[in-house]
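Analysis of the macromolecular model
If you want the building blocks of each chain, they are given just below.
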Amino acid sequence: MASKVIPWYKKKRVSHVQSDYAYHHTKHVVKQQQTERKSSSKSAIQVQAQATAAMAEPAYTVPVFRQRSSEETEEYQRVTTNVGKGLAVIQEELHRMRMATKAQVESLELQREVRGMMSKRGDMLDEIPKMPDFLVALRPHTVWEKTPVKLFCTVQGNPRPIVKWYKGGAPVDPLSAPGKYKIENKYGVHSLIISRCVVSDTAEYSAVATNPHGTATSKAAVTVKRASGAGESCHLGLVPHLTVIHPSKLEVSLLDRFSVSFGVEGGSISLVCTMVVVPDLPNLPPLAQWYRDDKLLKPSNLVEMAVGGSAARLTLPHLAKDDEGLYTLRIFTKDGTAEHSAYLFVSDAPPSAAGAPGAPMSVKAYDINADYVLVAWKPPNTVNEAPLTGYFVDRCEAGSDSWVQSNDAPVKVCKYPVHGLSTGRSYHFRVRAVNSAGISRPSRKSDKVTALDAAESERLQVIKIEGKYDIVIRDDDLEGYVTIPGEPTDVHASEVFKSYVVLSWKPPSPRGRAPLWYVIEKCIAGTGAWQRINASVKLHSPRYPVFDLQDGQKYQFRVYSVNMHGSSEASASSEPVQKVDQDGVPSAPGQVVATRNSKSSVFVQWDPPKQVKNLMGYYIDGRVVGSKEWFPCNHKPFKHNRFVVHGLIPGETYVFRAQAANVFGLSEESQESSPIAVEPALATPSSPFGITMLSCDGASMTVAWKSPKHCGGSKVNAYYIDKRNADTLTWKEVNLVAVTERLCTVDSLTEGIFYEFKVQAGNLAGVGVPSAPSAPMKCEAWTMEEPGPAYDLSFSEVRGHSLVILWKAPVYTGASAVSGYLVDMAKKGSSEFVTLTQEAVSHRYLQVSHLEEGQTYVFRVRAVNANGVGKSSQVSEPVCARALPGAQEIVANVDGDTGDIFLSLEACEICETSKFVWSKNYKPIGDCPRVEVTTKGRTSRMTFTHPDKDDLGKYSVVVTDTDGVSASHTLSEDALNTMLELSQAIRHPIVPLKHGLNYEILEKGHVRFWLQAVKLSPSVSYRFIVNDKEVTSGEGHKISHDVATGIIQMTVDHFTRANEGTYTVQIHDGKAKAQSSLVLVGDVFKAALKEAEFQRKEHIRKQGPHFSEYLYFTVTEDCTVMLACKVANVKKETTFHWYKEEEEIVPETPPNVLSGACALPIALFSRKDQGVFKATLGDDRGKDTSLFDISGQVFDDIINALAQNAGASASELVMQCTPEGIRLQCYMNYYTEEMKTVWKHKETKIASSEKMRIGGTAEMAWMQICDPSDKEKGHYTIEISDGVQTHTRTFDLSGQAYTDAYEEYLRLKAAAFAEKNRGRVVGGLPDVVTIMEQKSLSLTCTVWGEPTPEVTWFKNEQEVCSTEHTKVTFDGGKFSSLIINQVTPEDSGKYSINVRNKYGGEFVEITVSVYKHGEQIPEAKLGQPKSATPAVTPVPPRSPALPSKTPTPSKSQTPVPPGKTPTPASTPAPSMRSQASTPASTPVPKSPTPTPKSPTPTPKSPTPNPRGVKSPTPPRFMKSPTPPRK
């Protein structure tokens, strides 16, 4: 039989070591497992045999080293016996403890089952009907008069009972005494609050709870007492001393409460509620609790709470949409709780990309396991954004900021199973929404969760022994030693979605102590082809998401338990599972109904959707009627089907719609609601207040009051007044017919009696609650001479630093007419009033300025007449110097269509009953023929029918039934004149022109006439008129226009003298007209005609080869002047020529016209190069010429350009000594005497003279000091100016530098003198002489020297003495001769003459050849003369060489080669008589710089030297100590 291959995780393994208890327990478990699995008996026997063989103990053999003697054996047996008895006792005790522990574990299990049953019983009891029962009954209260009391109780029942309150058996009606009673039901606590108790409130109060199954009643007595001395005795006795005060014993009254608030994601907000605490103990603040949507908040890094300083504060430092909701502050007080609630809206922050969705919210982690977490969230509201395509889920480990995306593709539902977590590590999660426009901002991160096995804690049991010790027992201890785990059970799909399925199962039992993981297999239902799913993942949690399932297929799953010992059997297969379509969004909500709520909110309710499907909540959207843009009303799903939309514009009209949300997304939008205007809900008005007496004559009293703060959504059109004697309690009606004004005269009064009054206001909803009784007023006739009080103080145009106060004149004027008013002001809470005006104002209004923004003020007014200052008015209501949000000012403008001048105001808020009341100088305008008032929506316009100076003044407007919407504007004369001009322009419009008619000469000589309008319509019409004749578009004229640019133009092709005249353009554009003219005559026309002809010629010229740029000059770096030009439209045959003064110049490099540029270099530019240069360009198409006159300013510009180059390259001044004096030299790229060069000595300009010689070469400029003296010492400067900048170089000729230079000058001067006066042969001697025998030879030469030199002749280096054969003569000190009579061959040889004096001399050699008659004349051969230098008269010693601190540029260093004689060798023809001189002088030293040409002539040698040969004794030089030039 073929063997069956078993996977590694299915192989069974057994342990080799087991305890007795574990062994028996394991056998029992193995048998049970074998029975349940129904394995074959043969296989079981084989496994059992293997296990038995593995557990069998082999025979024990005593090792040699353990063998003992008989005595040792006896001792060992004795010890072993004692140890065995001890072990038996320990084993018995251990067994007893195990059994006791097992009993306790079973007891705990039973207790847990009982608790589970009890919890289920509680759920069942919740469904059992039950009559009402008071858990907390009412308790009696005894309070002081004018203090509040709160009765509260807690009642239970099923269904929930309804609680009604009774006082002395009569129902308590809060509407019967508004503000007296307040009934509340919050958090299961029913309460009745009685404010400002009076003695008559003493009674027995009862709370009656009723439901269908019965009634329950709770009663308590309330006793109200007056304090001692208040008319009644005090029965309360002494107040007991509170030794310990608990926060709940404090009396707390809430004052300024936080209102509906609006925040933005990423921002922060604080909710503050101020309160009065009695007693106010710094170390004992009230106990306050904050709730969000009825869920208690706790302090954290996202929620900060503070109570103290008479305020409770909740701060949300990092707002997210999760923070949106209804916030409730609950403060525990002596009489129960004080509470306040308001909604907080949190809108989306600006998206990361335009059109991207908002962030998801409420991210939470559920079903936490060792490596698996289910993350859920709520979808964002999408109003104008593209639909969502899915979500990305990110995770990061706690303490890290590194977020990792968990899903590769967006998940489409608001749940995602995150797997692959590390056991024991903590994580945060966040979600980002995706649509076609981009990815949203991330949501707020979830709370920290730790990946732990949820079943691990259930495997632990804790047992307390004697109340002291905790014993922790694991299920592993009870299972025994299990190696192979059991198979999992209850495999099923806990989450089924379109994109994934989450499998769940129960862990195996028994499990074993070894680490456990799971292997999952799947197969298509009914096929049996199982495939492993988690091949590369060790799964430790009994949850796993499966993603790669095919649509439409049903799958079955099974799970294996695996540990280090092996694998369990497969679990039972799950039921067939199939992915479902994501069609789980709820249906659209039903009908949406919007009703009025307040002036800035609307109450919206709707029917729930027919298909609910696990709703998360609703989103409500709104839209202004007439707009297409929807806006979100809430940003977090709201659970109920009714919602109050806040933050709306008062008076604006809106429609609303709703969407339902669940885990699959958002439903379709509901139908829109009916349009509704934002108005307060219709109700009766609030009570009037501020009743004051204005006049009394002893039988009647005139009283006034202030209008209600809330009109109830309808105009107040009636007031009813009641009166009573202050000593009675009975009120009597004063008027049966409604009073429409807030002023009433009450007749039939008794003089001397005190009266009280109260007023009720009425509107369409009915009559409101009466006002509080006025203060008692005595009916006593007023006889004072001063006026009575002004009344009805009101405010207008309240801004941050100013307001306008208005009032009405007093009813009682006194003995004389009222002449003015004084206005007093004080800060709220202060009694120190300040009079605002030094003198009384005659009008009944005053603009108050220089207020502190945010400060609250009160005012009063006093009337003044001739008899004095009257009574003060009633103090006004406090007014805060702060503008209303969105407050606008009056705009003065002109209607762009009609030209009407108007004033308009757009109200920031308005209601249905609001009216715009316009005033001039704060007097209502009413029906006035000069103005017309129209109102549309929230904007009112007052139009002036015939505006003139009579309309100047201050205009104001007040919007009634608002919180003081008002504004004013002063119409000045300048503003009116400006608007009148604009009105005239609109009513008689003109086409505005940017540019009037103008002309422009075009390229071909055409002339373009054009103008530009600010704006033209496509229907514009126009015409050109020239010299009173209309010109149309045709031959020679082209007329056109461009609507986009507003240009109208006419082009004249051939502009001639006939075109002189006046040009006019007339424009008609709708109702607007315009005209523009241009006069083109005289010099203006001639200039235009000349330019047109020039452009015409230029066009013709450019048809052939031509100069695109005429001749111009540039200067190169080496100071070469280049005459350059650019040519165009040339070809290969085009010729180019240069001329100067009509003489052609042929440059070394022929010009290349095809390159587009030609240039003529002028090197060593100077004045000689002045003249007119010409360049010609021509071919068969034509010829063009360019002239360039180098003279005048052009010549100066070239010289300046050269000077700029030379000055920039100029070296530092260097010094050189010459026989004539001391020379300062400046080397530069180029120098010419035309440059603006100035030499200065001690800042004094030097002029060229015999003493100071100025000159230069092409390479340098120099200045020589001839015969220097001490006066020439000092600072020398050369300045080279290029017309813009002056380049300066300096040299300090003083001190040691001057001393050394002067010594060198003296030496060179002496050497030059010696060279000039030494003896020398001037001329007359040849080099070679050939003569026939018997002829006479005469060698004669001229000599020179000062003093007269001595002359000596030599033959073959032997002196020749005068004889008859050889005669030597020296005549006149100038001529010396050697005459040989009848020469013989013996006379052949080398002859020489030595001429010398005290300064030196010269030695000249002559070769003489004598031949016989008849012989061939021998070839003349030059001899090798040997220079003999006679003794030279000593010259002054040479000064030591000066150290060269500044090396001269290398380019100037041309030293004379050593050993080279200054006189070059010459080889004359044989027949020529030539002279050669060898100067007897000192050797020539090397000169590092070339010796410049001296401007003064030096004595010439009798034998001229070739050009460039230096002097035999060149002068030495000294360099400047300044740095070298670069």
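In this text, all values refer to a predicted model and were calculated from it rather than measured experimentally.

Rules behind the numbers
- Residues numbered from 1 in each chain as written.
- Predicted model: local features only at pLDDT ≥ 70, side-chain atom pairs only at ≥ 80, totals over all residues.
- Heavy atoms only, no water.
- Helix = DSSP H or I, 4+ residues; strand = E, 2+ residues; numbered from the N terminus.
- Buried < 20%, exposed > 50% of the residue type's maximum accessible area, 1.4 Å probe, protein only.
- Contact = heavy atoms within 4.5 Å.
- Areas by Shrake-Rupley, 256 points an atom, 1.4 Å probe, with all protein chains shown as cover.
- Pairing = 2+ DSSP bridges.
- Polar contact = N/O pair within 3.5 Å; in protein donor to acceptor, adjacent residues only side chain to side chain.
- Phe/Tyr/Trp six-rings, centres within 6.5 Å; stacked < 30°, edge-to-face > 60°.
- Patch = residues over 30% accessible without salt bridge, like charges linked within 9 Å, V, L, I, M, F, W, Y side chains within 5 Å.
- Salt bridge = Lys/Arg side-chain N within 4 Å of Asp/Glu carboxyl O.
- Lys, Arg positive; Asp, Glu negative; His and termini not counted.
- Charge placed at Lys NZ, Arg CZ, Asp CG, Glu CD.
- Core = buried A, V, L, I, M, F, W, Y, C linked by side-chain atoms within 4.5 Å.
- Axes fitted to C-alpha atoms, helices over the stretch in contact; angles between N-to-C directions.
- Expected span 1.5 Å × (residues − 1).
- pLDDT = per-residue confidence, 0-100.

What follows deals with the overall build of the protein. Tallying secondary structure elements over the protein gives nine helices and 99 strands in all. With 1526 residues in all, the protein has 41% of them scored as buried. Residue pairs in contact within the protein that sit at least 24 positions apart in sequence constitute 66% of those at least 6 positions apart. Per element, the accessible surface of the protein, about 82,500 Å² overall, is 52% carbon and sulfur.

Across the six residues of strand 30 (residues 501-506), five count as buried, placing the element largely inside the fold. Here strand 29 (residues 489-496) hands over to strand 30 after four residues, the two strands then running antiparallel side by side. As defined by bridge partners, strand 30 adjoins strand 33 (residues 543-546) across four bridges and the pair is classed as antiparallel. The partner of Ser504 across the bridge, within strand 33, is Arg543.

Note that Gln1225 resides in strand 84 (residues 1221-1227). Residue classification places Gln1225 among the buried residues on the basis of a relative accessible area of 1%.

Mapped onto the elements, Arg1307 comes out in helix 9 (residues 1295-1317). Of the polar contacts made by the side chain of Arg1307, one reaches the side chain of Glu1304; its length is 3.0 Å.

Another point: the packing of aromatic side chains. Overall, the coordinates contain 31 aromatic pairs when judged by the stated rule. Judged by centre distance (5.4 Å) and plane angle (50 degrees), the rings of Phe1055 and Phe1085 are tilted. With Phe1055 in the loop between strand 73 (1047-1052) and strand 74 (1061-1069) and Phe1085 in helix 7 (residues 1082-1101), the pair connects residues that are 30 residues apart, well separated along the chain. Judged by its relative accessible area of 1%, Phe1055 is buried. Residue Phe1085 is classed as buried on the basis of its relative accessible area, which comes to 2%. Ring centres 5.6 Å apart and planes at 90 degrees place the aromatic pair Phe1313 and Tyr1399 in the edge-to-face group. Taken together, the residues Phe1313 in helix 9 and Tyr1399 in the loop between strand 98 (1389-1397) and strand 99 (1400-1411) connect sequence positions 86 residues apart. You can call Phe1313 partly exposed: its relative accessible area is 46%. Taken together, the aromatic side chains of Phe262, Tyr343, Phe345, Phe638 and Phe643 make up a single cluster linked through ring pairs.

Attention now moves to a negative patch on the surface. A cluster of acidic side chains, namely Asp697, Asp747, Glu751 and Glu780, defines a negative patch on the protein surface. Relative to the helices and strands, Asp747 is located in the loop between strand 48 (743-746) and strand 49 (754-763).

With that settled, the discussion passes to the nonpolar core. Phe1136, Phe1165, Ile1190 and Leu1202 are the most contacted members of the largest nonpolar core, which totals 50 residues. Ranked by the residues each element gives to this core, the list is headed by helix 8 (residues 1192-1209), at six residues. Excluding its chain neighbours within four sequence positions, the residues that come into contact with Phe1165 are Val1121, Ile1190, Phe1195, Ile1198, Ile1199, Leu1202, Tyr1230 and Thr1232. Formed by 28 residues, the second largest nonpolar core is a distinct cluster that contains Phe1009, Val1026, Met1050 and Tyr1063.

Attention now moves to the sheet that holds strand 69 (residues 1007-1013). Spatially, the four strands line up as an open sheet ordered 68-69-73-72, and their pairing is antiparallel. Every interior strand has two partners, whereas the edge strands, strand 68 (993-1001) and strand 72 (1037-1042), have only one. With direction set aside, neighbouring strand axes in the sheet form an average angle of 10 degrees. With six bridges connecting them, strand 72 and strand 73 associate as antiparallel partners. Among the inter-strand pairings, Asp1042 is bridged to a residue of strand 73, identified as Ile1047.

For the bond from Asn158 to Pro159, the omega torsion is 0 degrees, close enough to zero to count as cis. Following the sequence through the fold, Pro159 ends up in the loop between strand 3 (149-158) and strand 4 (162-167). At Asp1267, a position not held by glycine, the phi torsion is positive, near 45 degrees. Mapping Asp1267 onto the fold places it in the loop between strand 88 (1260-1266) and strand 89 (1274-1281). Even without glycine at this site, Asn1356 takes up a positive phi of about 50 degrees.

Spanning 23 residues, helix 9 covers 34 Å between terminal C-alpha atoms, matching the ideal 33 Å at 1.5 Å per step. Listed in full, the buried residues belonging to helix 9 are Tyr1298, Asp1300, Ala1301, Glu1304, Tyr1305, Arg1307, Leu1308, Ala1310, Ala1311, Ala1314 and Asn1317. Packed against the buried residues of helix 9 are strand 83 (1214-1217), strand 84, strand 90 (1286-1293), strand 93 (1337-1344) and strand 98.

Attention now moves to the sheet that holds strand 85 (residues 1236-1241). The strand order 86-85-89-90 describes an open sheet built from four strands, whose pairing is antiparallel. The strands lining the two open edges of the sheet, one partner per strand, are strand 86 (1244-1245) and strand 90. Relative to strand 86, strand 85 is paired through two bridges, and the arrangement is antiparallel. Bridge pairing links Lys1240 to Lys1245 in strand 86. The strands touched by helix 8 are strand 85, strand 89 and strand 90; relative to strand 90, the strand with the most contacts, the crossing angle is about 45 degrees.

Glancing now at the confidence of the model for the protein. Confidence in the prediction for the protein averages 82 pLDDT; 84% of positions are at 70 or higher. No element of the protein has a lower mean pLDDT than helix 1 (residues 20-37), at 39, and none a higher one than strand 57 (residues 856-865), at 95. Below a pLDDT of 50 lies the segment residues 229-244, which in the model reaches 11 contacts outside its immediate sequence neighbourhood of four places, other chains included.

Turning our attention to a nonpolar patch on the surface. Together, Val79, Val83, Leu87 and Ile90 make up an exposed nonpolar region whose accessible area comes to about 360 Å². Owing to a relative accessible area of 39%, Val79 belongs among the partly exposed residues under this scheme.

Side chains that differ in charge, positive against negative, can pair when their charged atoms come close. For the coordinates displayed, the defined rule picks out 50 salt bridges. With a closest N to O distance of 2.6 Å, Asp948 and Arg930 form a salt bridge. Here Asp948, found in the loop between strand 65 (939-944) and strand 66 (953-959), pairs with Arg930, found in the loop between strand 63 (923-924) and strand 64 (931-936); they are 18 residues apart in sequence, far enough to count as distant. A salt bridge links Arg930 to Asp951; the nearest nitrogen and oxygen atoms lie 2.9 Å apart. A residue pair is termed long-range when its members are at least 10 positions apart, and Arg930 in the loop between strand 63 and strand 64 and Asp951 in the loop between strand 65 and strand 66 qualify at 21 residues. Connected through salt bridges with shared partners, the residues Lys167, Lys180 and Asp201 form a single ionic network.

Summarising the element assignment, Pro350 is placed in the loop between strand 18 (336-347) and strand 19 (361-366). Residues Pro350 and Ser440, 90 residues apart in the sequence, show an inter-C-alpha distance of 9.6 Å.

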